[in-house]
Amino acid sequence: MKVKLTPLNVVSAICITGAILLLVNKRQSLQETPNALIDLMTGLSVLAAIISFISDQIFRKFIPSVKKLWVVEGVLVSFIIILILIIKTSIR
């Protein structure tokens, strides 16, 4: 089985790492942040990891070229980051 590193794989790894760090930090926290908020962020991180993993598998099925796969997934990740930044600045 040939393993391909793609942008959505990296996003999945970052989300899982973030969820684990949130869980570890929850146990060491001095009640500075509410536990419900930490639980929500952990759940959202796991959900984002699952969605990015499934999206990566779908893209791999329909785009056989690794170079094109990197371009499509890179554009998708860039679009999502830009969209998050726009929403974050418009709310404040």
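Student: Lay out the overall build of the chain with the relevant residues and their values.
Tutor: Secondary structure assignment for the chain yields three helices and zero strands. Its helices and strands in sequence order give the chain the pattern α-α-α, from N to C terminus. Computed over the C-alpha atoms, the radius of gyration of the chain is 16 Å, more than 25% above the 12 Å expected from 2.2 N^0.38 for a compact globule of 92 residues. In terms of overall dimensions, the chain has C-alpha extents of about 50 × 35 × 15 Å along its principal axes. The buried share of the chain, reckoned over its 92 residues, is 18%. In the chain, the share of contacts with a sequence separation of at least 24, taken over all contacts with a separation of at least 6, comes to 66%. Put simply, the chain shows about 7,200 Å² of open surface, and 74% of that area lies on carbon and sulfur atoms. Treating the 10 positive side-chain charges of the chain as one cloud and the 4 negative ones as another, the clouds have centres 11 Å apart.

Student: Requested: an account of a nonpolar patch on the surface, with residues and values cited.
Tutor: On the surface, a cluster of nonpolar side chains totalling about 550 Å² of accessible area is made up of L37, L40, M41, L44, L47 and I51. With respect to the helices, strands and loops of the structure, L37 is situated in helix α2 (residues 35-62). A relative accessible area of 43% means that L37 is categorised as partly exposed.

Student: How would you explain the packing of α2 against helix α3 (residues 66-91) if you had to name every residue and give the values?
Tutor: At their nearest, the axes of α2 and α3 sit 10 Å apart, and the two run at 145° to each other. Two packed elements cross with a definite hand, and for α2 against α3 that hand is right-handed. Each of D56, F59 and R60 in α2 lies in contact with α3, whose residues at this interface are L69, V72, E73 and L76.

Student: So what's going on with the side chain of S12? Residues and values would help.
Tutor: Here S12 shows up in helix α1 (residues 7-28). Here the side chain of S12 touches F53 through a polar contact of 3.4 Å, landing on its backbone nitrogen. Here S12 is in contact with A49, S52 and F53, once residues within four sequence places are set aside.

Student: Could you give me a rundown of α2, with the residues and numbers involved?
Tutor: Compared with the 40 Å implied by 1.5 Å per residue over 28 residues, the 41 Å span of α2 between its first and last C-alpha is a close match. Burial in α2 covers these residues: I38, T42, S45, A49, S52 and D56.

Student: Describe the confidence of the model for the chain, naming the residues involved and giving the relevant values.
Tutor: Looking at the chain, the pLDDT average stands at 87 and 91% of residues meet or exceed 70. For the chain, per-element mean pLDDT is lowest for α1, which scores 87, and highest for α3, which scores 93.

Student: So what's going on with the pattern of salt bridges? Residues and values would help.
Tutor: A side chain with one charge may pair with a side chain of the opposite charge, provided their charged atoms come close. Counted under the stated rule, the structure contains one salt bridge. Between D56 and R60 there is a salt bridge, with its nearest N and O atoms 3.1 Å apart. Pair noted here: D56 and R60 are both in helix α2, with a separation of four residues, about one helical turn. A relative accessible area of 0% places D56 in the buried class. Given the relative accessible area of 22%, R60 is considered partly exposed.

Parameters and conventions
Residues numbered from 1 in each chain as written. Predicted model: local features only at pLDDT ≥ 70, side-chain atom pairs only at ≥ 80, totals over all residues. Heavy atoms only, no water. Helix = DSSP H or I, 4+ residues; strand = E, 2+ residues; numbered from the N terminus. Rg over C-alpha atoms; globule rule 2.2 N^0.38 Å. Buried < 20%, exposed > 50% of the residue type's maximum accessible area, 1.4 Å probe, protein only. Contact = heavy atoms within 4.5 Å. Areas by Shrake-Rupley, 256 points an atom, 1.4 Å probe, with all protein chains shown as cover. Lys, Arg positive; Asp, Glu negative; His and termini not counted. Charge placed at Lys NZ, Arg CZ, Asp CG, Glu CD. Patch = residues over 30% accessible without salt bridge, like charges linked within 9 Å, V, L, I, M, F, W, Y side chains within 5 Å. Salt bridge = Lys/Arg side-chain N within 4 Å of Asp/Glu carboxyl O. Axes fitted to C-alpha atoms, helices over the stretch in contact; angles between N-to-C directions. Left-handed = near helix turned anticlockwise from the far one by under 90°. Polar contact = N/O pair within 3.5 Å; in protein donor to acceptor, adjacent residues only side chain to side chain. Expected span 1.5 Å × (residues − 1). pLDDT = per-residue confidence, 0-100.

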